[in-house]
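Analysis of the macromolecular model
What follows is each chain in one-letter form.
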Amino acid sequence: MKNISYLIIILLLFILSSCLKPVESRFKITVEISFSSQTKTIMNKDINEAKGEVILRLDSPLANIGQAYLNIANTDNNKNIRTIELKAINENTLSGNFELTEPGKYEIQGIFSIGGENYTSKNKLYINVYDYKKELEPVLKFKNIETGKVLENNTYDPYRNYAILVNVDSDIVYNSDFFYKIYFDNNLVENGTIKNKTFESTPLFFQKKKHIISVEIYDGTNNGFGRTTVELNPKNIDTSFNLISELHKGSYDGPTITNDSTLTTIDPIYVITNVKENYTLPASYLYIFSDKDGEIIKEYTDKLHFKYGPIYLNNGDNSLKFYVKNLITNDSTEISFDLKVEKYEEFIANLELYKKDYMDRDLKIEVNSEITNRDPVYFKSVINKKYDFSNELNYSFLLKKDGIDYKKLDITTNSTILETNTMYLDPGNYELTLTITKPDTNYTKKLYKTFKVIKTINNFNLNYSLIQKNSDESTNLYYLPEKIYVDPESTQLNDFDMVFNIDANYTYPSTYIYAININDNELFRSNPVQTRNYKYTSFEFPKGHNYITIFATDTENNYSVSKNFEVLVKEHNPPKLFKVSIEGTTVYSTESTSDFYKLYISSPIVNPTISIEFYDESEIVPKDAINISLTIFENNTNKTINIPLSNQTNKHIKFFGVLKDITLDSSQTWEFKIDPSQIVDEFGNTYANEFENIQYTVIFKTK
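First things first, this report covers the structure right here in the doc. Note that the structure is a prediction, hence the values are computed from the model and not measured. (Residues numbered from 1 in each chain as written. Predicted model: local features only at pLDDT ≥ 70, side-chain atom pairs only at ≥ 80, totals over all residues. Heavy atoms only, no water.)

What to know about the packing of aromatic side chains
Applying the stated criterion to the full structure yields 42 aromatic pairs. Taken together through their ring pairs, the aromatic side chains of Phe460, Phe496, Phe500, Tyr512, Tyr514, Phe524, Tyr534, Tyr536, Phe539, Phe541 and Tyr559 make up a single cluster. Here the basic side chain of Lys438 rests over the ring of Tyr312, its NZ or CZ set 5.7 Å away from the ring centre. Directly above the aromatic system of Tyr358 lies the positively charged group of Arg532, at a separation of 3.7 Å from the ring centroid. (Phe/Tyr/Trp six-rings, centres within 6.5 Å; stacked < 30°, edge-to-face > 60°. Lys NZ or Arg CZ within 6 Å of the ring centre and 35° of its normal.)

Encoded structure:
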């Protein structure tokens, strides 16, 4: 029933169309085609599989009424090879199958025909049919990177970069997943993958020799392979070069130096070298600049130009050689200059030795000067320039001791006066060499000194003096006194300064300690000081007889010198009874607080011994013996006994003897009495002068 309705509609349309004059197509139909297996409009097919189905779609439901077909043409020659009729699938869709048997690129267009009108599809389909080759034949060409020109006859300009232009195979029309390898003189230099059938390699540098290039192509998708090998040969081109070298005096723009030029050792020479190539080379040049002995002055790598300076030549005949080598071609050339150079005295210098003394003064060491291992020694050099220059100088000191290297010292400075630090040297025989070099001209001066260092001998002497102040603010000077008398009641005060003075033949500084002892007791000790003159100010001497010892000690070796003298300060105190002993037992002592002594006797002692000692601030006048009065109350003994002198030391005097015909027993009371006029000090002091009736008295009891 539906088909009948369509037929009636079509008949009515034909009737209407026959009644009207045609101006345009009776139908407005849009036609579109596509591959049934994919949405793409281009398909690649192997020749053995070049078939498929094409769908034609209408935007009007006329597929069952009209006719449809495909036109398939080879785009290489625009040849219509066939027309394929399509069959309706439904009122809007038609389909048909195609099969191609020859390789090529084909264009497919759909056509729908109805009522004598043809409606062409608005789009086209394309199919590439390949006959995949298994044995590929890569085609190689070579392009000069600099000029862009392709080589002819496989000959090339050497020392240039070339790229390889590769065509996988000139006969194939398809692309694939190709893998390639490039060998340069049998070495693999590049490999990779490409999609297209042509590509350009990375540049290769061609030298002046035969090169062999091989390219391998693999078609991984279709299992194809091909290899092409090409032999390339360089053109016969002269790659040598010319060397143009010049020497200039004073600067690069200064006068040109020739073999006849007059030069001195202070003339700065500048070198300019240019390479003139006969054939342009993309290479660096090695420049070697050397002297007549082959010693390299400068080695440098640069392009076509080389500049160097300044250089200074030694006195005499000099030969300068320039050797230049191309690092790519290994071509080389050289040129030399022969020059005469006169010596110029650039400076004069001296070398002196100095030592520091104990006052930090600088003492110049002469030939007959004494140097000890404790002298701080230093070296001094003074430069006198013969022309104005500001260059630094290298000072190299070499000190040998007994022929063996002992010290080395290198100093660089632009000062014309150089002093080394002070140093202490071991005993021995020394040779000092100073080499002064001006580096830019290599001008050199050598200076020599010989000297001897001896070991120190501790032989200083100690001098001293005392300065006494007077009440009128004047002073009295005592130089090296042996004994000084002081009367505090006079205008000469008991107020002294003491001055130490070290007298030594050596000059080196040392550290000393000064000390003062009075009566074996230390009054003063200084800190270590580096002075030979030391003053201890404003002190009083104790009353009486004072024994003074002063010291000066060198702390480095503990060498010490002492001096002794005496100071008597007048006093009015008489000598004191210090101690009395019977049979070695003390029965009286000023050191005890007891006023009454008890002596324990176990058995009677006949003719006992007695010891009597006196003490004074001053010295006691010597006496051979003294008389004592002894009373023993229990047996009415009264007797005067002479006791001889035992010994006397400074301010002490001791008498010792036997109490003849006396028996010491228990239960006795003894009393000694000594006339004080017998004991007098050096100032005449005695108890007898001050107290006429007072005697030295000792009382004790026995048990």
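Back to the text.
A short note on the sheet that holds strand 43 (residues 559-569)
The five strands lie next to each other as 37-43-42-39-40, forming an open sheet whose pairing is mixed. The open sheet is flanked by strand 37 (483-486) and strand 40 (521-525), the only strands paired with a single partner. In this sheet, adjacent strand axes meet at a mean angle of 25° when their direction is disregarded. Sheet analysis places strand 39 (residues 512-518) next to strand 40, joined by four bridges and oriented antiparallel. Considered in strand 40, the bridge of Ile518 is made with Asn521. (Pairing = 2+ DSSP bridges. Helix = DSSP H or I, 4+ residues; strand = E, 2+ residues; numbered from the N terminus. Axes fitted to C-alpha atoms, helices over the stretch in contact; angles between N-to-C directions.)

Considerations on the side chain of Asn144
Here Asn144 is to be found in strand 9 (residues 139-144). For Asn144, a relative accessible area of 6% translates into the label buried. Polar side-chain contacts of Asn144 include one of 3.2 Å to the backbone nitrogen of Thr147. Residues contacting Asn144, with those up to four places away along its chain left out, are Lys149, Arg160, Asn161 and Tyr162. (Buried < 20%, exposed > 50% of the residue type's maximum accessible area, 1.4 Å probe, protein only. Polar contact = N/O pair within 3.5 Å; in protein donor to acceptor, adjacent residues only side chain to side chain. Contact = heavy atoms within 4.5 Å.)

A word on the nonpolar core
Judged by nonpolar contacts, the single largest core of 29 residues is most densely connected at Phe614, Ile628, Leu659 and Phe672. Among the elements of the structure, strand 44 (576-582), strand 46 (597-599), strand 48 (609-615), strand 49 (625-632), strand 50 (637-649), strand 51 (652-658), strand 53 (669-674) and strand 54 (696-702) are those that each provide at least two residues to this core. Counting residues per element, this core draws most heavily on strand 49, which supplies four residues. Sequence-distant contacts of Leu659, that is, excluding residues within four places in its chain, are made with Ile582, Asn607, Pro608, Ile610, Ile628, Leu630, Ile641, Ile643, Trp670 and Phe672. (Core = buried A, V, L, I, M, F, W, Y, C linked by side-chain atoms within 4.5 Å.)

Section: the pattern of salt bridges
Tallied over the entire structure, the rule returns 28 salt bridges. Of the charged contacts, one joins Asp157 and Lys235 as a salt bridge, the two residues approaching to 3.3 Å between their closest N and O atoms. Of the two residues, Asp157 is situated in the loop between strand 10 (155-156) and strand 11 (160-167) and Lys235 in the loop between strand 17 (224-234) and strand 18 (241-249); the sequence distance between them amounts to 78 residues. Accessibility expressed as a relative area gives 25% for Asp157, which makes it partly exposed. Salt-bridge contacts for Lys469 lead to Asp495; the nearest nitrogen and oxygen are separated by 3.8 Å. With a gap of 26 residues between them, Lys469 in strand 35 (residues 461-470) and Asp495 in strand 38 (residues 492-503) connect regions that are remote in the sequence. Judged by its relative accessible area of 26%, Lys469 is partly exposed. Here the salt bridges share partners, and the residues they tie into one network are Lys469, Asp495, Asp497 and Lys535. (Salt bridge = Lys/Arg side-chain N within 4 Å of Asp/Glu carboxyl O.)

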